[in-house]
Amino acid sequence: NLINDEKVIDYTIPAEFNENLFHKKGEIAAARTPDNVNPDKESSGCQFYIVDGKVFTENELTLDINAIYQGVRMLLKDEEYSDLQKQFIDLQTDSEGTQRLVLSLKDLVAEKYDIKAQKNISKEKLEAYTTVGGTPHLDGGYTVFGRIVEGLDVIDKIASVQTGQGNKPLEDISMTVKVEKISKKNITEKYGYQYLEQ
């Protein structure tokens, strides 16, 4: 709960997920409580975050690494592939080598166990996450409702401060937020944002 001008703000807002609004760097999204107490993923009535994240490779976004690992575990139980067990044992202290070996087996496990090793991702998301970056694992879990259109470098300055427990800055960072009303036409002309047809 947040106290604002002597009022306790403790209400939530129903989740609103939209495939066209995702967690690329500079987006603004609603904070929320965890799934175990909020299974409907309802948004906080007063708290938000600005997406920072990192730039990803195409493979990081399109490979379903969990499905591949599941297939490799099944493969290791098969006596026909007992030589692989030794390779994995030899690599047990080399996480990068282990991952390279797992990835080299993706086509084999995909074919042998009919595992889909590729994730579908839209061109727009792929372009955004491989250029400006973001946090794709939050997509479909938190409501994205806004975008930083100027001053994106400020996000990097905020993200670079020293943090402590819970990734909280050691010194508070205050900000002044100003919301201006502007027509959809002007937003499209000034920032290139295209609105969906209703």
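Scoring rules and cut-offs
- Residues numbered from 1 in each chain as written.
- Predicted model: local features only at pLDDT ≥ 70, side-chain atom pairs only at ≥ 80, totals over all residues.
- Heavy atoms only, no water.
- Helix = DSSP H or I, 4+ residues; strand = E, 2+ residues; numbered from the N terminus.
- Rg over C-alpha atoms; globule rule 2.2 N^0.38 Å.
- Buried < 20%, exposed > 50% of the residue type's maximum accessible area, 1.4 Å probe, protein only.
- Contact = heavy atoms within 4.5 Å.
- Areas by Shrake-Rupley, 256 points an atom, 1.4 Å probe, with all protein chains shown as cover.
- Lys, Arg positive; Asp, Glu negative; His and termini not counted.
- Charge placed at Lys NZ, Arg CZ, Asp CG, Glu CD.
- pLDDT = per-residue confidence, 0-100.
- Pairing = 2+ DSSP bridges.
- Axes fitted to C-alpha atoms, helices over the stretch in contact; angles between N-to-C directions.
- Salt bridge = Lys/Arg side-chain N within 4 Å of Asp/Glu carboxyl O.
- Polar contact = N/O pair within 3.5 Å; in protein donor to acceptor, adjacent residues only side chain to side chain.

### A look at the overall build of the protein chain
Secondary structure summary: the protein chain contains eight helices and seven strands in total. Taken over C-alpha atoms, the radius of gyration comes to 22 Å for the protein chain, far larger than the 16 Å a tight globule of 198 residues would show. Seen through its C-alpha atoms, the protein chain measures out along the principal axes to roughly 65 × 40 × 35 Å. Considering the protein chain as a whole, with its 198 residues, one finds that 25% of them fall into the buried category. Put simply, 72% of the contacts in the protein chain that link residues at least 6 apart link residues at least 24 apart. Accessible surface computed for the protein chain: about 14500 Å², of which carbon and sulfur atoms make up 49%. Counting 24 positive and 34 negative side-chain charges, the protein chain places the averaged centre of each group 4 Å from the other.

### So, the confidence of the model for the protein chain
Residues of the protein chain with pLDDT of at least 70 account for 94%, and the chain-wide mean is 89. Mean pLDDT values over the elements of the protein chain span from 48, in strand 1 (residues 2-4), up to 96, in helix 6 (residues 123-131).

### Things to note about unusual backbone geometry
Where the residue is not glycine, phi is negative for most of them; where a peptide bond is considered, it is trans in most cases. The phi dihedral of Lys41 is positive, around 55°, even though this residue is not glycine. For Lys41, the position within the fold is in the loop between strand 4 (27-30) and strand 5 (43-44).

### Looking at the pairing of strand 4
On strand 4, burial covers both faces: Glu27 and Ala29 on one face and Ile28 and Ala30 on the other are all buried. Relative to strand 7 (residues 144-147), strand 4 is paired through three bridges, and the arrangement is antiparallel. Following the sheet pairing, Glu27 is matched in strand 7 by Arg147. Of the pairings in the sheet, the one linking strand 4 to strand 6 (residues 48-50) comprises three bridges and is antiparallel in character. Bridge pairing links Ile28 to Ile50 in strand 6.

### Observations regarding the sheet that holds strand 7
Strands sit in the order 6-4-7 across an open sheet of three strands; the sheet is antiparallel. If you trace the sheet from one side to the other, it starts and ends with strand 6 and strand 7, each paired once. Neighbour-to-neighbour, the strand axes of the sheet open up by a mean angle of 30°, direction not taken into account.

### What about the pattern of salt bridges?
Across all of its chains, the model carries 14 salt bridges by this definition. For Arg32, the salt bridge identified is with Asp35, shortest N-O distance 2.8 Å. A salt bridge links Lys86 to Asp90; its shortest N-O distance comes to 3.1 Å. With a gap of four residues between them, Lys86 and Asp90 both fall in helix 3 (residues 82-90), about one helical turn apart. The pair formed by Lys86 and Asp90 is uniform in burial state, with each residue classed as exposed. Via salt bridges that share partners, Glu19, Lys125 and Asp139 belong to a single interconnected network.

### Details of the side chain of Thr143
Mapped onto the fold, Thr143 is located in the loop between helix 6 and strand 7. Within the structure, the side chain of Thr143 is placed 3.3 Å from the side chain of Ser43, a separation counted as a polar contact. If we skip the residues at most four places from it in the chain, Thr143 touches Ala15, Glu16, Phe17, Ile28, Ala29, Ala30 and Ser43.

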